[in-house]
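# Topology and contacts: notes
Chain by chain, the residues:
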Amino acid sequence: MSSIVRTTADILFPFILIYGFYIVIHGHLTPGGGFQGGAVLASGVLLLLFAYRYNESTRIVKKTVMKTIESGGLLLFIITALSAMLLGAGFFFNWAASGGMIFGDLVAFGSTAANLNTGGLIPIMNLAVGIEVVGAISVILLALLSGIKEKI
């Protein structure tokens, strides 16, 4: 690709990451969440893959790193789900939403401004799903793009 495309991709990539993480973090308050934010983050990875040649882009985005990111997201999700069982509650119990704990402020009744601390464990699970989705979609994109290697 041309230097204009590469420069534009380099400039847009951080903004796409910020917007993707915004969607992931605000998933329990607004439409969005882990999957949608992960898809936006993966579109940033796709932008880098399209802006550079295959050999250059695979040095930037490595399949083993993306598989590790995907596994880390799944592990974080399972650990968060199992954390309630250590406290004597059921699997996936939202123990942090009881008020006063991390991410656990009580929700005021009526129409009030949204508060990020009202989700309990849901923001952590949204983050885990977002990490898993960006890793999985990136691995899929790398597998699809490996079939169109540019001949030099």
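Here the structure is shown first, and the text comes after it.
Residue indices follow the written sequence of each chain, beginning from 1 at its first position. Totals for whole chains, interfaces and linings use every residue, but because this is a predicted model, local features are given only for residues with pLDDT of at least 70 and side-chain atom pairs only at 80 or more, for both listing and counting. As a convention, hydrogens and water are excluded, and side-chain values are obtained from all of the structure's heavy atoms.

For our purposes a nonpolar core is just a set of buried Ala, Val, Leu, Ile, Met, Phe, Trp, Tyr and Cys residues, chained together by side-chain atoms within 4.5 Å. Remark: exposure states derive from per-residue accessible area (1.4 Å probe, protein chains only) relative to the maximum for the residue type, with buried under 20%, exposed over 50%, and partly exposed in between. Leu 41, Ala 42, Val 45, Leu 49, Val 61, Met 66, Val 134, Val 139, Leu 141, Leu 142 and Leu 145 together form the largest nonpolar core, which totals 11 residues. Helical segments are the DSSP runs of H or I of at least four residues, strand segments are the runs of E of at least two, and each set is numbered from the N terminus. When contributions to this core are tallied by element, the ones reaching two or more residues are α2 (34-51) and α5 (122-145). Here this core takes five residues from α5, the largest share from any one element. With near-sequence residues (within four places) excluded, Leu 142 lies in contact with Leu 49, Tyr 54, Thr 58, Val 61, Lys 62 and Lys 63. The contact criterion used is simple: two residues touch if any of their non-hydrogen atoms lie within 4.5 Å.

Moving on, we come to the environment of Ala 51. Mapped onto the elements of the fold, Ala 51 is located in helix α2. Taking relative accessible area as the criterion, Ala 51 reaches 2% and is therefore assigned buried. Separated by 45 residues in the primary sequence, Ala 51 and Arg 6 place their C-alpha atoms 5.2 Å from one another. Every residue in contact with Ala 51, bar those within four places of it in the chain, is listed here: Met 1, Val 5, Arg 6 and Ala 9.

Here, axes are lines fitted to C-alpha atoms. For helices the fit covers the stretch in contact, and angles between N-to-C directions go from 0 to 180 degrees. At a minimum axis distance of 8 Å, the contact between helix α4 (residues 63-86) and α5 shows a crossing angle of 155°. The angle between the axes of α4 and α5 places the two elements in the roughly antiparallel class. The two elements α4 and α5 cross, and the hand of that crossing is left-handed. Residues are sorted three ways: Asp, Glu, Lys and Arg are charged, Ala, Val, Leu, Ile, Met, Phe, Trp, Tyr, Cys and Pro are nonpolar, and all the rest, Gly among them, are polar. Of the residues contributing to the contact of α4 with α5, the split by class is 16 nonpolar, four polar and four charged. Roughly parallel covers angles under 35 degrees, roughly antiparallel covers those over 145, roughly perpendicular covers 65 to 115, and oblique covers all other angles. Helix crossings are classified by the rotation of the near helix relative to the far one: an anticlockwise turn of less than a right angle makes the crossing left-handed, while a clockwise turn makes it right-handed.

All right, on to the side chain of Ser 138 then. With respect to the element layout, Ser 138 can be found in helix α5. According to the relative accessible area criterion, Ser 138 is buried, its value standing at 0%.

Let us look at the pattern of salt bridges. The working definition used for a salt bridge is a side-chain nitrogen of Lys or Arg within 4 Å of a carboxyl oxygen of Asp or Glu. For the structure shown, the criterion picks out one salt bridge. A salt bridge links Arg 6 to Glu 56; the shortest N-O distance between them is 3.3 Å. Linking Arg 6 in helix α1 (residues 3-25) with Glu 56 in helix α3 (residues 54-60), this pair joins segments that are 50 residues apart in sequence. Judged by relative accessible area, Arg 6 falls into the partly exposed class, the value being 22%. You can call Glu 56 partly exposed: its relative accessible area is 26%.

Attention now moves to the packing of aromatic side chains. Stacked, tilted and edge-to-face are the three classes applied to pairs of Phe, Tyr and Trp rings, where Trp contributes its six-membered ring and a pair requires centres within 6.5 Å; stacked means planes under 30 degrees apart, edge-to-face means over 60, and tilted covers the rest. As enumerated under the stated definition, the model contains three aromatic pairs in all. Between Tyr 19 and Tyr 22, the ring centres sit 6.5 Å apart and the planes meet at 20°, which makes this aromatic pair stacked. Of this pair, Tyr 19 and Tyr 22 are both found in helix α1, three residues apart, which corresponds to roughly one turn of the helix. Using a relative accessible area of 48% as the deciding quantity, one classes Tyr 19 as partly exposed. On the accessibility criterion, Tyr 22 (43% relative accessible area) is partly exposed. Put simply, the rings of Phe 77, Phe 91 and Phe 92 pair up and form one aromatic cluster.

To estimate how far a helix should extend, the number of its residues minus one is multiplied by 1.5 Å. A rise of 1.5 Å per residue sets the reference length of α4, with its 24 residues, at 34 Å; its end C-alpha atoms lie 34 Å apart and thus fit the reference within 8%. Taken together, the buried positions of α4 are Met 66, Gly 73, Thr 80, Ala 81, Ser 83 and Ala 84. Its buried side turned inward, α4 meets α5. Following α4 by one or two positions, Gly 88 adopts a phi angle in the positive range, close to 90°.

Read these as spatial facts, not as claims about activity.
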